[in-house]
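# Observations on the model geometry
Given next are the chains, with one letter for each unit.
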Amino acid sequence: PVIFNVEQFRRQFPFFAHNPDWVYLDNAATSQKPQRMLDVLHQFYLEQNSNIHRGAHLLADRATTRFEQARQQIAEFIQAPTAANIVFTSGTTAALNQLAFGLMGTVLQPGDRILLTALEHHANIVSWQLHCQTYGVEIDVVPLTAERQLDLAAYQQLLKRSPKLVSFCHVSNVLGQVLPVQQMVALAQQAGALTVIDGAQGISFQPVDVQHLDCDFYVFSGHKVYGPTGIGVLYGKTTALDLLRPLLGGGEMIKKVAFSGSTYADLPQRLEAGTAAIAEAIALGDVLLWLSQQDRVGMQQHKAELTLYAHQQLAALPQIELLTNASHNAGIITFNVHGEHPSDVATLLNEQCIALRSGQHCAMPLFDSMALQGALRWSLAAYTTQQELDTAIKALTNALELLCPLP
Ligand code: PMP
């Protein structure tokens, strides 16, 4: 078998040559970009820039063709049945807000319940909460077990309350856990619920097949999967997208507009008012095509090995309390230093050019449920090297010597 060559993969990312002093362990926040993606983005603005769908000229037609080709590439990347199942949004947050707005008052009625999990990012909590009071919808939350795993027995119990919708992350951005999403979707379907998967972290972990998962909706951001910021995807089954009331009204999303009333365009345009992030969509389509041509099994294996290695190195430091474990983990290592505030540790690591996240990682309810103020997070990508982890461990050891020297 061909072994995944991390150095060769890494050389495709110019960021590292520009930042040779840094160890970048903040990939769950955003990934670095391959040169090819930057070239596509640049080339569009340099040579092809035109607005799409409304041009009476060849340049607009060409831009439209490339934009629609990107939609097709994205559909193929996640195995969506047709390109019309792909709605462009500005990211995961925007997609979840479109879902909450689009389902509240249409599918979700007073007295209905929706089911979320204790692991969720604020984007998958507050987007629903914004409307719950107005529409009289109640939220139930699947708790964690004492081992900080999602409590699947509690999930099954809560499904007995007949939620109309269940929304959960594919991979936790705090605990790195890969949820058994296919099983969770099947159970939700048996309970008669619509299913939403927040794929912000899941999309870069392993190939996603939305038809195999059979979820109604799957959402993700381009920037966490080697693509640009400002572009994301709302995938939905056709029957599910048909349920959505558009969040944004305006150009592109209509058939006929009159002051007496307007009619809407077909999917996916019905949910895409206004000028899209055209260059970014094209670059995302291309980068996902590129990613599908990489050794994804090798990438995943490399990340799994480094995740295990980082856990082993951290577990050997007596001052460290690990919140994650290396199994079923997508490359996220979260920990605290006994008796120290995570931001103090992060400051000392930043001074040594280690880029990481500290705090509550947009998951305050999760930290409340663990009775913790926050934590430090290292998140890996396929271009992370063992040498980088060794440098980070060394920097952490230096910080520990300053903060809490062993007797
Ligand atoms: N959900 C999860 C699980 C995330 O990790 C993130 C990003 N941290 C989001 C949602 C929000 O993504 P974005 O900021 O790109 O909209």
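Residues numbered from 1 in each chain as written. Predicted model: local features only at pLDDT ≥ 70, side-chain atom pairs only at ≥ 80, totals over all residues. Heavy atoms only, no water.

The name an unreviewed UniProt entry assigns to the chain is cysteine desulfurase, from the organism Alkalimonas cellulosilytica. Of the comments in the UniProt record for the chain, the one headed Cofactor (unreviewed entry) reads "pyridoxal 5'-phosphate". UniProt's Sequence similarities (unreviewed entry) comment on the chain is quoted here verbatim: "Belongs to the class-V pyridoxal-phosphate-dependent aminotransferase family. Csd subfamily." (UniProt positions renumbered as here; feature names shortened; annotations may be inferred.)

A few words now on the overall build of the chain. Of regular secondary structure, the chain possesses 15 helices and 15 strands. Its C-alpha atoms give the chain a radius of gyration of 22 Å, near enough to 22 Å, the size a compact globule of 407 residues would have. Dimensions of the chain, computed from the C-alpha atoms along their principal axes, are close to 80 × 55 × 40 Å. Here the chain holds 407 residues, and 55% of them are scored as buried. On the chain, roughly 17,400 Å² of surface is accessible, and the fraction owed to carbon and sulfur atoms is 54%. Averaging the positions of the 24 positive and the 34 negative side-chain charges in the chain gives two centres separated by 7 Å. (Helix = DSSP H or I, 4+ residues; strand = E, 2+ residues; numbered from the N terminus. Rg over C-alpha atoms; globule rule 2.2 N^0.38 Å. Buried < 20%, exposed > 50% of the residue type's maximum accessible area, 1.4 Å probe, protein only. Areas by Shrake-Rupley, 256 points an atom, 1.4 Å probe, with all protein chains shown as cover. Lys, Arg positive; Asp, Glu negative; His and termini not counted. Charge placed at Lys NZ, Arg CZ, Asp CG, Glu CD.)

On to the packing of helix α3 (residues 35-48) against helix α11 (residues 278-292), then. Here α3 crosses α11 at 150°, and the two axes come no closer than 9 Å. Between α3 and α11, the angle falls in the class roughly antiparallel. In this structure, the crossing between α3 and α11 has a hand that is right-handed. Every residue of α11 that contacts α3 at R36, M37, V40, L41, F44 and Y45 is listed here: I278, A279, E280, I282, A283, D286, V287, L289 and W290. Classifying every residue of the contact of α3 with α11 gives 12 nonpolar, no polar and three charged. (Axes fitted to C-alpha atoms, helices over the stretch in contact; angles between N-to-C directions. Parallel < 35°, antiparallel > 145°, perpendicular 65-115°, else oblique. Left-handed = near helix turned anticlockwise from the far one by under 90°. Contact = heavy atoms within 4.5 Å. Nonpolar A, V, L, I, M, F, W, Y, C, P; charged D, E, K, R; others polar.)

Right, let's get into helix α12 (residues 296-315). The end-to-end C-alpha distance of α12, which contains 20 residues, comes to 28 Å, matching closely the 28 Å that a straight helix rising 1.5 Å per residue would cover. For α12, the set of buried residues is R296, G298, M299, H302, K303, L306, T307, Y309, A310, H311 and L314. (Expected span 1.5 Å × (residues − 1).)

Next up on the list: the sheet that holds strand β4 (residues 138-142). Strand pairs in the sheet, formed through backbone hydrogen bonds, run parallel or antiparallel to each other. Ordered in space as β2-β8-β7-β6-β5-β3-β4, the seven strands form an open sheet in which the pairing is mixed. Two strands bound the open sheet, and with one partner strand each, they are β2 (86-89) and β4. Adjacent strand axes in the sheet meet at a mean angle of 20°, parallel and antiparallel pairs treated alike. As defined by bridge partners, strand β3 (residues 113-117) adjoins β4 across five bridges and the pair is classed as parallel. When the bridges of β4 are listed, I114 appears paired with I139. (Pairing = 2+ DSSP bridges.)

The omega torsion across L267 and P268 is 0°, close enough to zero to call that bond cis. Along the polypeptide, P268 turns up in the loop between β10 (263-264) and α11. Backbone geometry at H328 places phi at a positive 50°, although glycine is not the residue there. Residue placement: H328 occurs in the loop between β11 (320-322) and β12 (332-337). Residue classification places H328 among the exposed residues on the basis of a relative accessible area of 62%.

This paragraph deals with the sheet that holds strand β14 (residues 357-359). Pairing in this open sheet of four strands is antiparallel, and the strands run β11-β12-β15-β14 from one edge to the other. Looking at which strands have only one partner, the edges of the open sheet turn out to be β11 and β14. Recorded for the sheet is a direction-independent mean angle of 30° between the axes of neighbouring strands. By the bridge criterion, three bridges tie β14 to strand β15 (residues 375-379) in an arrangement that is antiparallel. What sits directly across from R357, in β15, is R377.

The subject of this paragraph is the packing of aromatic side chains. Two numbers describe a pair of aromatic rings. These are the distance of the centres and the angle of the planes. On inspection of all chains with the given rule, the structure shows 18 aromatic pairs. With a centroid separation of 5.6 Å and an interplanar angle of 70°, the aromatic rings of F15 and Y24 are classed as edge-to-face. You can call F15 partly exposed: its relative accessible area is 25%. Residue Y24 is classed as buried on the basis of its relative accessible area, which comes to 10%. (Phe/Tyr/Trp six-rings, centres within 6.5 Å; stacked < 30°, edge-to-face > 60°.)

Attention now goes to the site of the ligand. Lining the immediate environment of the ligand, one finds T92, T93, H121, N173, D198, A200, Q201, S221, H223 and K224. Between the ligand and T92, the relevant distance is 3.5 Å, taken from an oxygen atom to a main-chain nitrogen or oxygen of the residue. Q201 is positioned such that a nitrogen or oxygen atom in its side chain is 2.7 Å from an oxygen atom of the ligand. Its free accessible area being 400 Å², the ligand has 84% of it covered by the protein chains. Partitioning the shell around the ligand into residue classes produces one nonpolar, seven polar and two charged. (Near = heavy atom within 4 Å. Polar contact = N/O pair within 3.5 Å; in protein donor to acceptor, adjacent residues only side chain to side chain.)

One finds F9, I78, Y155, F168, Y218, Y226 and L288 to be the most contacted residues of the largest nonpolar core, which totals 76 residues. Per-element accounting of this core gives the leading share, 10 residues, to α11. Setting aside residues up to four positions removed in sequence, F168 forms contacts with T117, E120, N124, Y155, L179, V181, M184, V185, V196, I197 and D198. (Core = buried A, V, L, I, M, F, W, Y, C linked by side-chain atoms within 4.5 Å.)

Our next topic: the packing of helix α7 (residues 152-159) against helix α8 (residues 181-190). Contact geometry for α7 and α8: axes closest at 10 Å, N-to-C directions at 20°. When the interaxial angle is binned, α7 and α8 end up roughly parallel. Here the hand of the crossing between α7 and α8 comes out right-handed. Contact with α7, carried on its side by L152, Y155, Q156 and L159, involves M184, L187 and A188 of α8 and no other residues of that element. Its residues assigned to classes, the contact of α7 with α8 shows six nonpolar, one polar and no charged.

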